[in-house]
Amino acid sequence: MKNATILSIALLPLALATAVPRSEKVDYTGYQGLRITLPENATGIEEQIEDIAAHILNPGQATHIDAVVAADKIDAIKALAPEVEVLVQDVGAAIAEEGDIVSAYAVPSESWFTAYHSYADHIQFLRDLQAGYPSNSEIITTGTSVQGRTLTGIHIWGSGGKGSKPAVLFHGTVHAREWITTMSTEYNAWQLLTKYNTDSAIKALVDKFDFYIIPIVNPDGFVYSQTTDRMWRKNRQTVGSSSCVGRDNNRNWSYKWEVTGGASTNPCSETYKGLAAGDAPENRGMMAHVNSLRDARGIRLYIDFHSYGQYILWPYGYDCNLVVPEDRALNALASAGQSAIRGVSGTSYTVGNSCRHLYATTGSGPDYVYGVGGAAYSYTIELRDKGNYGFILPASQIQPTVRETWAGVVAMLQRT
Ligand code: 0X9
Ligand code: ZN
């Protein structure tokens, strides 16, 4: 975040007292969400746009860039790339309409999925959910963040007993601003446990796999996106003398980290890869967990939930020329998910290889879990929408999104 002004909200009414403390927040009033078509053969233009924009939303796209840009910088963008579509008229207004972070809620119920929540409440949600199903679940921790927060998740098992079956692993909120992914991973956990006794199809899945679901793998970034900068993506790790903060946890895994072209070596970039593979503590924790699941019963399915764009993507991300021998099987599962989602709501997803259908990434989670973790199936799912709200998906879209996504996940699990 480079250009936005800081708004002091000390005088806001007491009605907001239940929300997350908002001491000094970046004010995006007047900022626009733009889809900028990249002119052909304009080398280096992405870097120039990144210097002008407050945030790049989809770093790496070949044809266009979505970016949040201050009103007085829009002309400078148009001078570089004249073809500009306004996706969001006023990002500040969109954030205001997204819905408050609600802190009062009942013990896990469907109403949880009608609002966004604070980090502390997300942890409490997991604890309350687990407490309701003590013989089929436990709270797990998979490492510690830069600022000392514990990566917390839930392990769910069925009739075979704890740890007896191959693993299914879900990660959410690796990118801090992708709040819908926290809700979606939690919905998956909630469905698995609450439907176990009443829905034979769900019981069959829980009896077949051990589920490990970690809704927030980048807790520091998530907290920062709520207290300070709604558009924050990375973790909160400093880098030597640089004033820029944060490594992209989806560029820091120790698999093909050293390959060039799919991440940035600039600490100010949204896709900063770090100084060395796995030098972000969140990644070290996740890698240790993945390795231990691999060494125990193996990993059948990994899904890394992101937003936005509506894609189901599979490895590898680091080399667009590589087609894995299992490409057809990966495609078949993704297509089943795509059809199930369309069947619920008509929402259309694109499926494909992650590098060819989106862009190259090095040091990504799905590549690591596939290449090192030995997962049979490994995916990135980019949830709603396609850019109209982008990361600022209104609270009214949480339920429709998590429900359709759950249908897609079930269809994939049934073929896993
Ligand atoms: O860039 C990412 O890490 C993911 N997109 S996001 O907008 N949520 O940041 C995409 C990862 C998918 N993998 C590849 N495209 N290789
Ligand atoms: Zn993401």
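Residues numbered from 1 in each chain as written. Chains lettered and ligands numbered in written order. Predicted model: local features only at pLDDT ≥ 70, side-chain atom pairs only at ≥ 80, totals over all residues. Heavy atoms only, no water.

1. Focus: the coordination of the zinc ion (ligand 2)
So, point 1. Distances from the zinc ion (ligand 2) to its protein donors, His-175 (ND1), Glu-178 (OE), Glu-178 (OE) and His-306 (ND1), fall within 2.0 to 2.3 Å.
So, point 2. Each donor residue of the zinc ion (ligand 2) lies on the same chain, and together they follow the pattern H-x2-E-x127-H. One end of the pair, His-175, is in the loop between β9 (167–171) and α5 (179–194); the other, His-306, is in strand β11 (residues 299–307), and 131 residues separate them in sequence. For the pair shown, His-175 and His-306 are each scored as buried. (Donors = N, O, S within 2.8 Å, 3.2 Å for Na, K, Ca; no water. Helix = DSSP H or I, 4+ residues; strand = E, 2+ residues; numbered from the N terminus. Buried < 20%, exposed > 50% of the residue type's maximum accessible area, 1.4 Å probe, protein only.)

2. Digging into the UniProt feature "active site" (unreviewed entry) in the protein chain
So, point 1. Within this structure's numbering, the places UniProt gives as "active site" (unreviewed entry) are Glu-382.
So, point 2. For Glu-382, the position within the fold is in strand β14 (residues 377–383).
So, point 3. When residues no more than four places from it in sequence are discounted, the contact partners of Glu-382 are His-306, Ser-307, Tyr-308, Gly-309, Gln-310, Tyr-311, Tyr-349 and Leu-358.
So, point 4. Side-chain polar atoms of Glu-382 contact the backbone nitrogen of Ser-307, separated by 3.5 Å. (UniProt positions renumbered as here; feature names shortened; annotations may be inferred. Contact = heavy atoms within 4.5 Å. Polar contact = N/O pair within 3.5 Å; in protein donor to acceptor, adjacent residues only side chain to side chain.)

3. Focus on the nonpolar core
So, point 1. Counting 78 residues, the largest nonpolar core has Phe-113, Ile-156, Phe-170, Phe-211, Leu-301, Ile-312 and Tyr-379 as its most contacted members.
So, point 2. With eight residues, the top contributor of residues to this core is α5.
So, point 3. The residues contacting Leu-301, other than those within four sequence positions of it, are Ala-167, Val-168, Leu-169, Phe-170, Leu-333, Tyr-377, Tyr-379, Leu-413 and Thr-416.
So, point 4. Val-68, Leu-87, Ala-94 and Tyr-308 belong to the second largest nonpolar core, which has 15 residues in total. (Core = buried A, V, L, I, M, F, W, Y, C linked by side-chain atoms within 4.5 Å.)

4. Quick notes on the packing of aromatic side chains
So, point 1. In the structure shown here, the tally under the stated rule is 18 aromatic pairs.
So, point 2. Taking 5.7 Å as the distance between ring centres and 35° as the angle between the ring planes, the aromatic pair formed by Tyr-255 and Tyr-316 counts as tilted. Here Tyr-255 is found in the loop between α7 (219–227) and α8 (281–296), whereas its partner Tyr-316 is found in the loop between β12 (311–314) and α9 (327–345), with 61 residues between them in sequence.
So, point 3. Accessibility expressed as a relative area gives 16% for Tyr-255, which makes it buried.
So, point 4. Here the basic side chain of Arg-149 rests over the ring of Tyr-119, its NZ or CZ set 6.0 Å away from the ring centre.
So, point 5. Positioned above the aromatic ring of Trp-232, the side-chain terminus of Arg-236 is 4.6 Å from the ring centre. (Phe/Tyr/Trp six-rings, centres within 6.5 Å; stacked < 30°, edge-to-face > 60°. Lys NZ or Arg CZ within 6 Å of the ring centre and 35° of its normal.)

5. Section: the environment of Ile-213
So, point 1. Here Ile-213 shows up in strand β10 (residues 210–214).
So, point 2. Taking the C-alpha atoms as reference points, Ile-213 and Ile-140, 73 residues apart in sequence, are found 8.9 Å from one another.
So, point 3. Setting aside its immediate chain neighbours within four residues, Ile-213 contacts Gly-153, Ile-154, Ile-156, Phe-170, Thr-185, Asn-188, Ala-189 and Leu-192.

6. Re the side chain of Asp-367
So, point 1. You can see Asp-367 is positioned in helix α11 (residues 365–371).
So, point 2. This buried residue, Asp-367, is left without a salt bridge; Lys-256 holds the nearest opposite charge, at 8.8 Å.
So, point 3. Of the polar contacts made by the side chain of Asp-367, one reaches the backbone nitrogen of Gly-317; its length is 2.9 Å. (Lys, Arg positive; Asp, Glu negative; His and termini not counted. Salt bridge = Lys/Arg side-chain N within 4 Å of Asp/Glu carboxyl O.)

7. Details of the site of ligand 1
So, point 1. In the region of ligand 1, 16 residues are neighbours, and Arg-233, Arg-251, Tyr-359, Thr-361 and Glu-382 sit closest.
So, point 2. Here an oxygen atom of ligand 1 and a side-chain polar atom of His-175 are 3.2 Å apart.
So, point 3. Ser-307 places a main-chain nitrogen or oxygen 3.2 Å from a nitrogen atom of ligand 1.
So, point 4. For ligand 1, whose unbound accessible area comes to 420 Å², protein coverage reaches 98%. (Near = heavy atom within 4 Å. Areas by Shrake-Rupley, 256 points an atom, 1.4 Å probe, with all protein chains shown as cover.)

8. Looking at the state of the cysteines
As used in these notes, a disulfide is a covalent bond between sulfur atoms, one from each of two cysteines.
So, point 1. Within the structure shown, the criterion is met by two disulfides.
So, point 2. With a sulfur-sulfur separation of 2.1 Å, Cys-244 is cross-linked through a disulfide to Cys-268. Taking the sign of the S-S torsion, about 90° here, the bridge from Cys-244 to Cys-268 comes out right-handed. On the criterion of sequence distance, the pair formed by Cys-244 in the loop between α7 and α8 and Cys-268 in the loop between α7 and α8 is long-range, its members being 24 residues apart.
So, point 3. For Cys-320, the disulfide goes to Cys-355, at an S-S distance of 1.9 Å. Measuring the twist about the S-S bond at about -75°, one finds the Cys-320-Cys-355 disulfide to be left-handed. Residue Cys-320 is located in the loop between β12 and α9, and its partner Cys-355 is located in helix α10 (residues 354–357); the two are separated by 35 residues in the primary sequence. (Disulfide = S-S within 2.5 Å.)

9. Details of the pairing of strand β13 (residues 350–353)
So, point 1. Bridging between β12 and β13 involves four bridges; their strand directions are parallel. Within β13, the position partnered with Leu-313 by the bridge is Gly-352.
So, point 2. Crossover connection from β12 via α9 to parallel β13: handedness right-handed. (Pairing = 2+ DSSP bridges. Right-handed = clockwise from strand over helix to strand, strands pointing away.)

10. Brief notes about the pairing of strand β7 (residues 137–144)
In summary, the side chains of a regular strand alternate between the two faces of the sheet.
So, point 1. As paired elements, β7 and strand β8 (residues 150–156) share six bridges and run antiparallel to each other. When the sheet's bridge partners are listed, Glu-138 is paired in β8 with His-155.

11. Points about the sheet that holds β10
So, point 1. Taken together, eight strands build an open sheet; the order of strands is β7-β8-β10-β9-β11-β14-β12-β13 and the sheet is mixed. Two strands lie at the open edges of the sheet, namely β7 and β13, each paired on one side alone. Sheet twist, expressed as the mean angle between neighbouring strand axes with direction ignored, is 20°.
So, point 2. In the packing of helix α12 (residues 398–414) onto the sheet, the strands contacted are β9, β10, β11, β12 and β14, and the crossing angle to β11 comes to about 160°. (Axes fitted to C-alpha atoms, helices over the stretch in contact; angles between N-to-C directions.)

12. Section: unusual backbone geometry
So, point 1. Along the chain, Pro-315 connects to Tyr-316 via a cis peptide bond; the corresponding omega equals 0°.
So, point 2. Going from Arg-384 to Asp-385, the amide bond is cis rather than trans, its omega being -5°.
So, point 3. Residue position: Asp-385 is located in the loop between β14 and α12.
So, point 4. Even without glycine at this site, Thr-173 takes up a positive phi of about 60°.
So, point 5. Structurally, the position occupied by Thr-173 is in the loop between β9 and α5.
So, point 6. Of note, Lys-256 is a non-glycine position whose phi angle comes to about 55°, a positive value.
So, point 7. Residue position: Lys-256 is located in the loop between α7 and α8.
So, point 8. With a relative accessible area of 26%, Lys-256 lands in the partly exposed category.

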